[in-house]
Amino acid sequence: MFIQTEATPNPATLKFIPGRAVLDSGTMEFTDRDSATRSPLAERLFAVPGVTGVFYGSDFVTVTKDDSDWQHLKPAILGVIMEHYMSGAPLLADGQVADGDAPHAEEFFSEADTETVAVIKDLLETRIRPAVASDGGDITFRGFKDGIVYLDMKGSCAGCPSSTATLKHGIQNLLKHFIPDVVEVRPM
């Protein structure tokens, strides 16, 4: 088995591509050992000293580290991912396929803004999320109020030094261009 690695814009996060599906749909993020108990792979990755976050996308796993050196962490992480896939173990302890992080937060917006929110979500799905996924992360809509779009950034995007620039200069400008009601974009 060959696992590719790719750098992400976040120097504390590496993207690992096992060459097979990770999640059938959605994404999953584990920000600590307690949240990782749902996934045997995430649990084993958190057992590697220095690992502080694990994120699953459709065909990749991103791992975030503390101030440890990738030179020491990368071989251990590759070993854990390879052993997991070679064993045939399920990704989730209950054997179910994840449906993403949807239950974590309810969306909020006024009923009068339903059409605007539909356009925002369409732009996120078709233009923004694919680009963010290629960098090992995900971005989801959380709300719209008073012209402000609230987004949740996960994976390599969470805590990335360039995430503010991505939000303000990339996503905000795109949404403002297509939707005059949008005045600002903020992270949740």
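Residues numbered from 1 in each chain as written. Predicted model: local features only at pLDDT ≥ 70, side-chain atom pairs only at ≥ 80, totals over all residues. Heavy atoms only, no water.

So the rule is basically this: UniProt positions are given in the numbering used here, feature names are shortened, and annotations may be inferred rather than shown by experiment.
An unreviewed UniProt entry annotates the protein chain as NifU family protein originating from Afipia massiliensis. Check the Sequence similarities (unreviewed entry) section of the UniProt entry for the protein chain; it says "Belongs to the NifU family."

**Overview of the sheet that holds strand E6 (residues 108-109)**
We count it as follows: Pairing between two strands is assigned when DSSP locates at least 2 bridges connecting them. The helix and strand labels rest on DSSP assignments: H or I over at least four residues marks a helix, E over at least two residues marks a strand, and numbering proceeds from the N terminus. In what follows, a contact means two residues having at least one pair of non-hydrogen atoms within 4.5 Å. Convention adopted: a line fitted to C-alpha atoms gives each axis, helices being fitted over their contacting stretch, and angles between N-to-C directions are expressed from 0 to 180 degrees.
Read from one edge to the other, the open sheet built from four strands follows the order E6-E7-E8-E9, with strand pairing classed as mixed. Edge positions in the open sheet fall to E6 and strand E9 (184-187), since each of these has one partner strand only. Pairing geometry for strand E8 (residues 148-155) and E9, over four bridges, is parallel. Pairing of Leu-151 across the sheet is with Pro-187, part of E9. Contacts between helix H3 (residues 114-134) and the sheet are confined to E6, strand E7 (137-145) and E8, with E7 contributing the most and set at about 165 degrees to the helix.

**Observations regarding the pairing of strand E5 (residues 61-65)**
Rules: To sort residues, take the accessible area from a 1.4 Å probe on protein chains only and compare it with the maximum for the residue type: under 20% means buried, over 50% means exposed, and anything in between is partly exposed.
By the criterion of burial, E5 is predominantly enclosed, with five of the five residues buried. Burial of E5 is two-sided: the residues Val-61, Val-63 and Lys-65 facing one way and the residues Thr-62 and Thr-64 facing the other way are all buried. Alignment of strand E2 (residues 13-17) against E5, held across four bridges, turns out to be antiparallel. When the bridges of E5 are listed, Lys-15 appears paired with Thr-62. Bridge count for strand E4 (residues 51-56) against E5 is five bridges, and the pairing is antiparallel. Residue pairing across strands places Val-51 opposite Lys-65, the latter belonging to E5. The hairpin turn running from E4 into E5, its antiparallel successor, is four residues long.

**Points about helix H2 (residues 70-87)**
Counted only if it meets this: To estimate how far a helix should reach, multiply one less than its number of residues by 1.5 Å. An arc is given here, and it is the one of the directions from the helix axis to the C-beta atoms.
Between its terminal C-alpha atoms H2 stretches 25 Å, which fits the 26 Å expected from 18 residues at 1.5 Å a residue. Trp-70, Leu-73, Ile-77, Val-80, Ile-81, His-84 and Tyr-85 are the residues of H2 that are buried. The arc that holds the buried residues of H2, viewed along the axis, is 120 degrees, so those residues lie on one side. Turned more than 90 degrees off the buried face of H2, the exposed positions are Gln-71, His-72, Pro-75, Met-86 and Ser-87. The inward-facing, buried residues of H2 contact E2, helix H1 (40-46), E4 and E5.

**Looking at the sheet that holds E2**
Sheet architecture is open: five strands sit in the order E1-E2-E5-E4-E3, paired in antiparallel fashion. Each edge of the open sheet carries a strand with a single partner, namely strand E1 (4-7) and strand E3 (28-30). Pairwise comparison of adjacent strand axes, ignoring direction, gives a mean angle of 20 degrees for this sheet. Relative to E2, E1 is paired through four bridges, and the arrangement is antiparallel.

**Description of the environment of Arg-33**
This is how the line gets drawn: In protein, a polar contact requires one atom able to donate a hydrogen and another able to accept it; more generally it is a pair of N or O atoms within 3.5 Å, and residues adjacent in sequence count only if both atoms are side-chain atoms.
Within the fold, Arg-33 resides in the loop between E3 and H1. Arg-33 sits in the exposed class, given a relative accessible area of 51%. A sequence separation of 21 residues divides Arg-33 from Val-54, and the C-alpha atoms of the two residues are 9.7 Å apart. Setting aside anything within four residues of it in sequence, one finds Arg-33 in contact with Phe-46 and Ala-47. Polar contacts involving the side chain of Arg-33 include one to the main-chain carbonyl oxygen of Phe-46, which spans 2.7 Å.

**Quick word on the confidence of the model for the protein chain**
Formally: Per-residue confidence from the prediction method is given by pLDDT, with values spanning 0 to 100.
Predicted confidence across the protein chain gives a mean pLDDT of 86, with 88% of residues reaching 70 or more. Here residues 97-104 is a poorly scored stretch, pLDDT under 50, and it has 15 contacts once near neighbours within four places are set aside; other chains count.

**So, unusual backbone geometry**
Residue Asp-146 is not a glycine yet carries a positive backbone phi of 55 degrees. Within the secondary structure, Asp-146 sits in the loop between E7 and E8.

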